[in-house]
Every structure is written in structure tokens, then in C-alpha cells.
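Structural overview for review
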Amino acid sequence: MTRQKMDSTAVAEKLASVAGWEIDAGETALSRQFVFKDFSEAFGFMARAALVAEKLDHHPEWKNVYRTVDVRLTTHDAGGLTPLDFELATAMDRIAASTGLQG
């Protein structure tokens, strides 16, 4: 998977494939808030997502408070969004759907 920064057209096309994710004004990052049933479900999501991130060698910026996980994805060395960000977002969506996602 490439670490080359995507142009605005490519970002808009890819954004359509990841429902619930938002792009910041500068098109440099994707973000989403995941809310789970409880802390255990949220932590389980993070553990499973961490394994995918490690495999991709692409790591999220995230924060966990009780049952909520806030995620921000960007490719720092490319200065913005790359296909890796969308690949990790898609994987996180799949993991969340099987982990007890509440909203």
C-alpha cells in the first residue's frame, strides 16, 4: 500500500466508502468516534485494531475514555491522507461492527 498523499478528488472518492468518518478542513486527516457497550468492548476494539495497524505499519492517533474511542488517521510522512488511512479506517469499521459498537 502506498504512502503517497492523495489529491482532493481521490480523497472524496475514498471518503464515500467509509461511512461515519470525517475529513478535517485541510484534508490531512480522517476522524471518527466509536462508542461501545462498555470499557471492555472499547479496549477489545483497540487491541484488535492495534494488530491490524501493526501489520500495516500504520498507526492511529487515538484516545479512549471509558466506552468511547476517538480515532484520527493521517500519514505524517506524506503530509496528509494516503490509501493506508482508508485501509485502516475500513478495517476499524469491520472490527467495530463485530465488537459491540453502539454508535
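What comes next concerns the included structure. (Residues numbered from 1 in each chain as written. Predicted model: local features only at pLDDT ≥ 70, side-chain atom pairs only at ≥ 80, totals over all residues. Heavy atoms only, no water.)

Notes on the sheet that holds strand β1 (residues 22-23)
Neighbouring strands of a sheet are bound in pairs by backbone hydrogen bonds; such pairs are parallel or else antiparallel. Rules: Any two strands with at least two DSSP bridges between them are considered paired. Each helix is a run of H or I in the DSSP string that is no shorter than four residues. Each strand is a run of E no shorter than two, and both are numbered from the N terminus. Any two residues having at least one pair of non-hydrogen atoms within 4.5 Å are treated as being in contact. The axes are straight lines fitted to the C-alpha atoms, using for helices just the contacting stretch, and the angles between their N-to-C directions are given from 0 to 180°.
As summarised here, the arrangement of the four strands in space is β1-β2-β4-β3, forming an open sheet in which the pairing is antiparallel. Looking along the sheet, the strands with just one partner apiece sit at the ends: β1 and β3 (61-65). Relative to strand β4 (residues 68-73), β3 runs antiparallel, the two sharing five bridges. Of the residues in β4, the one forming a bridge with N64 is V69. Strands β2 (30-35), β3 and β4 of the sheet are contacted by helix α3 (residues 83-97), whose axis makes an angle of about 10° with β2.

Overview of the packing of aromatic side chains
For clarity, the threshold we go by: Here a Phe, Tyr or Trp ring, Trp counted by its six-membered ring, pairs with any other such ring whose centre lies within 6.5 Å, and the pair is stacked when the planes are under 30 degrees apart, edge-to-face when over 60, and tilted otherwise. Buried residues are those whose accessible area, probed at 1.4 Å on protein chains only, stays under 20% of the maximum for their type, while exposed residues exceed 50% and partly exposed ones sit between those limits.
A full pass over the atoms with the stated rule returns five aromatic pairs. A centroid spacing of 5.8 Å and a plane angle of 75° characterise the contact between W21 and F34, whose relative ring orientation is edge-to-face. Taken together, the positions of W21 in the loop between α1 (8-15) and β1 and F34 in strand β2 put the pair 13 residues apart, joining distant regions of the chain. Neither W21 nor F34 differs from the other in exposure class; each is buried. Between F34 and F45, the ring centres sit 4.8 Å apart and the planes meet at 40°, which makes this aromatic pair tilted. With F34 in strand β2 and F45 in helix α2 (residues 39-56), this residue pair connects regions lying 11 residues apart in the sequence. With respect to burial, F34 and F45 carry one shared label: buried. A network of ring pairs unites the aromatic residues W21, F34, F36 and F45 as a single cluster.

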